[in-house]
Each structure stands twice: as C-alpha cells, then as structure tokens.
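Residues per chain are reported as follows:
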Amino acid sequence: MSFPLDEALCIIAEQVGRAGRVLFERRFSEAVSTASREICSGMDIVKEADDPRTVQTAIDRMCQACFQGLLKSFPGVHVVTEEGGKYSVPGTGYEHYTVVIDDWDGSTNGSKGLNLSAVSVGLDFQGKPSMGCWYDPYRDYKIFAMEDEERGIRCHLSMCGGVSPFLSPPEGAHTLSQARLVIHRGTKLHLVSDLHRHPLSTLGAKTLAVMNFESSVIPLMHVAMGMIDGFVVAGNRPWDLWAARAIFMALGIPFAFMEPFTYRVLTAEEIVPDPNKEYAFACANNFVLMEEIMAVLQSKE
C-alpha cells in the first residue's frame, strides 16, 4: 500500500520515535554497541560502549536511515536533515516538495536518560508550509497538521494510539507577568556573544516562571497543547523549527522567525531551509503576549 508523502512522513515519524526510545533505553547494552559499529563504521566516533555520545551518534544515524529509506519512494524530493545535510532524491516527480527533518531532537537528553526528546518533520510545497508533524515517543503524543482540500491546513492531536481529534488553539496567560515561558539561548554560536543575552535575561525577569529544556521541539509541542504560554530561542537551525510553521498556522498561534542577535523579524522570502542558516524564534499562545515578548526582544534599552 502506498501513501501520499505527507501521510507517509507522519507514519514514519512515529515509528522512528518508538524505535529511538527503545534504543536509548537500552543504550549501554551490547546490542546497541554492535549496531553502533555496524551503522557508523568508518565514522569518527568514540568507541567506548558506555559513552553516551557513541550511542547518541549511532541512534541519530539509525533514525536518519529510516527516513532515507522512506524518501527513496519519492523521486525528486529535496531533503534537509540535521545529520545528513541537504540533498535531493534522484529522479523526478516530487521536486516541488522539501522535507525538513530532525530525526531525534533532544538526543543529548536521551543519552542521559531524560525523557525529553521528539521527532520533528516539516514539509513544504513550492516553498510554502504544507505539513508539520511532532511525535513525543515517551508520552505517545503526536501533533500533526496537514492540508485539507476544502478547509486548508488543519491540526490534529493523537494521544496514546487513540483517535485523532482536531487540536484547538490553546488558552493561556494574556500578559507577560503571568506567562510560563521556555527561554533558550540556542546553539553554541550564540553562547559566546552578549548581543542576545540582555534581551533574554530581561524577558526572563518579567515572567512568572522560566523553564529550559535541551530540546526545541518539546516546548513547541507544549505551546501547541496549552501546557506553557510561549517559547523563545536565540538561535536554532531549520530542522528544529520547520514543523512549527504548518502546525502554528493551523492553530492560529502567533510566531516569528527572526535574525539572530538583532531579533529583526524576517520576511517569508528570508525564511528558507538552509542547513547552514540559524534563526531566532518566538511564539506565544495569544497575540497580546506575543506583542509583549517582541517588544522586549527588540528593545534598544
């Protein structure tokens, strides 16, 4: 049986997530050590069986291989991944599609036994968001948005293998002083600069509670589900954020892709799935809170 590209990606995201969870839970076993040597043969990785980075690298590569196997059935599709960079599947037929994949976001958490990891897939058609999917294998939650021919992009929530009801826009705090935000400095490039720290620390001082995870997808899922009120990150690559475009558009959640350091809001033409490009990003569960967040980030004080 064959599936449309968007449906196939949602199915494989869930399967990859479940497999990754099992492998991380057995991360120090001989089976994983053997798989590390077989799949990562020739790669420059630490060979100690009990070293978290060895297992982390191996599982990232295994998850990537699952997606690569699926995408071979869609010739011409363009692919951007954290582990594999940017490439196109040989052939023609799907050249108007671009898939952006984080095959295991939060792998550092997984290697430490922390249940804060997820799979993320975003799909563009002719440069516009067409599908987004997040899957949390530890809680068996899947959030996905797909285009409906009659109603546009609609968002669904699948919990614990059950039915997939439509996900409603979250309701939460309407002011910054009441908000529960996840604020993240982002990639290493930004850790050495003071240009982004002042807005983030100012933002944190104005909120009720500030949380942080070594993952971007988990807090994005929590915003979509109404579990937190917003998420701000100083710098992320496309695979961390791409699924959010379709999902948040379907839910009516305000968000912004911005230029790192300056927090200038980017135009649609400037938001491209370049694996070497980084974005600052902010989202909130209502427009009032989003305006307050942006005012702090763009303040010149």
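Please read these numbers as outputs of a predicted model, since none were measured by experiment.

## Considerations on the overall build of the protein
Looking only at helices and strands, the protein features 9 helices and 12 strands. Within the protein, buried positions represent 52% of all 301 residues. Across the protein, the fraction of contacts at a sequence separation of at least 24, relative to all contacts at a separation of at least 6, is 60%.

## Here's the deal with the pattern of salt bridges
Pairing is possible between side chains that carry opposite charge, provided their charged atoms lie close to one another. Under the criterion given, the structure shown has 7 salt bridges. Put simply, D136 and R139 hold a salt bridge, and the shortest N to O gap is 2.8 Å. Residue classification places R139 among the partly exposed residues on the basis of a relative accessible area of 32%. Across the salt bridge formed by R264 and E259, the nearest N and O atoms sit 3.7 Å from each other. Residue classification places R264 among the partly exposed residues on the basis of a relative accessible area of 35%. Residues participating in the shared-partner salt-bridge network are E259, R264 and E270.

## Some remarks on the packing of helix 7 (residues 217–224) against helix 8 (residues 238–251)
Here helix 7 crosses helix 8 at 5°, and the two axes come no closer than 10 Å. Classed by the angle they form, the pair helix 7 and helix 8 counts as roughly parallel. Between helix 7 and helix 8, the residues in contact are V217, L220, V223 and A224 and D240, L241, A244, F248 and L251, respectively. Looking at the contact of helix 7 with helix 8, its residues break down into 8 nonpolar, no polar and 1 charged.

## What about the packing of aromatic side chains?
Within the structure shown, the criterion is met by 12 aromatic pairs. Taken together, a centroid distance of 5.0 Å and an interplanar angle of 85° make the contact between F74 and Y94 edge-to-face. Placement of F74 in the loop between helix 3 (52–71) and strand 1 (78–81) and of Y94 in the loop between strand 2 (85–88) and strand 3 (97–105) is noted, with a sequence separation of 20 residues between them. For F74, a relative accessible area of 5% puts it in the buried group. Ring geometry for F257 against Y279: centres 5.3 Å apart, planes inclined by 90°, an arrangement best described as edge-to-face. A residue pair is termed long-range when its members are at least 10 positions apart, and F257 in strand 11 (residues 255–258) and Y279 in strand 12 (residues 279–284) qualify at 22 residues. Members of the aromatic cluster, each reached through a chain of ring pairs, are W134, W242, F248, F255, F257, Y279 and F281. Between the NZ or CZ atom of K142 and the centre of the ring of F144, over which it lies, the distance is 5.4 Å.

## Topic: helix 8
Between its terminal C-alpha atoms helix 8 stretches 20 Å, which fits the 20 Å expected from 14 residues at 1.5 Å a residue. The sharpest bend along helix 8 reaches about 30° and sits at R245. With respect to burial, helix 8 is a largely interior element, 12 of its 14 residues being buried. Regarding helix 8, the residues found buried are P238, W239, D240, L241, W242, A243, A244, R245, A246, I247, F248 and L251. Immediately downstream of helix 8, the backbone of G252 shows phi near 75°, a positive value.

## Concerning empty space enclosed by the protein
Inspection of every chain in the model, using the stated rule, returns 1 cavity of 30 Å³ or more. In terms of lining residues, the largest cavity is bounded by D136, R139, Y141, I218, M221, H222, M225 and M227. At 3 residues, the largest contribution of residues to the lining of the largest cavity is made by helix 7.

## Digging into the side chain of T98
If you trace the backbone, T98 turns up in strand 3. Taking relative accessible area as the criterion, T98 reaches 16% and is therefore assigned buried. Not counting residues within four places of it along the chain, the set of residues in contact with T98 comprises H78, V80, G122, L123, D124 and P273.

Rules and cut-offs
Residues numbered from 1 in each chain as written. Predicted model: local features only at pLDDT ≥ 70, side-chain atom pairs only at ≥ 80, totals over all residues. Heavy atoms only, no water. Helix = DSSP H or I, 4+ residues; strand = E, 2+ residues; numbered from the N terminus. Buried < 20%, exposed > 50% of the residue type's maximum accessible area, 1.4 Å probe, protein only. Contact = heavy atoms within 4.5 Å. Salt bridge = Lys/Arg side-chain N within 4 Å of Asp/Glu carboxyl O. Axes fitted to C-alpha atoms, helices over the stretch in contact; angles between N-to-C directions. Parallel < 35°, antiparallel > 145°, perpendicular 65-115°, else oblique. Nonpolar A, V, L, I, M, F, W, Y, C, P; charged D, E, K, R; others polar. Phe/Tyr/Trp six-rings, centres within 6.5 Å; stacked < 30°, edge-to-face > 60°. Lys NZ or Arg CZ within 6 Å of the ring centre and 35° of its normal. Expected span 1.5 Å × (residues − 1). Bend = angle between axes of the 7 residues up to and from the residue. 1 Å grid on protein atoms, 1.4 Å probe; cavity = no way out; pocket = protein on both sides within 12 Å on 5 of 7 lines; lining within 4 Å. Points joined across faces, edges and corners; volume = space filled by probe spheres on them.

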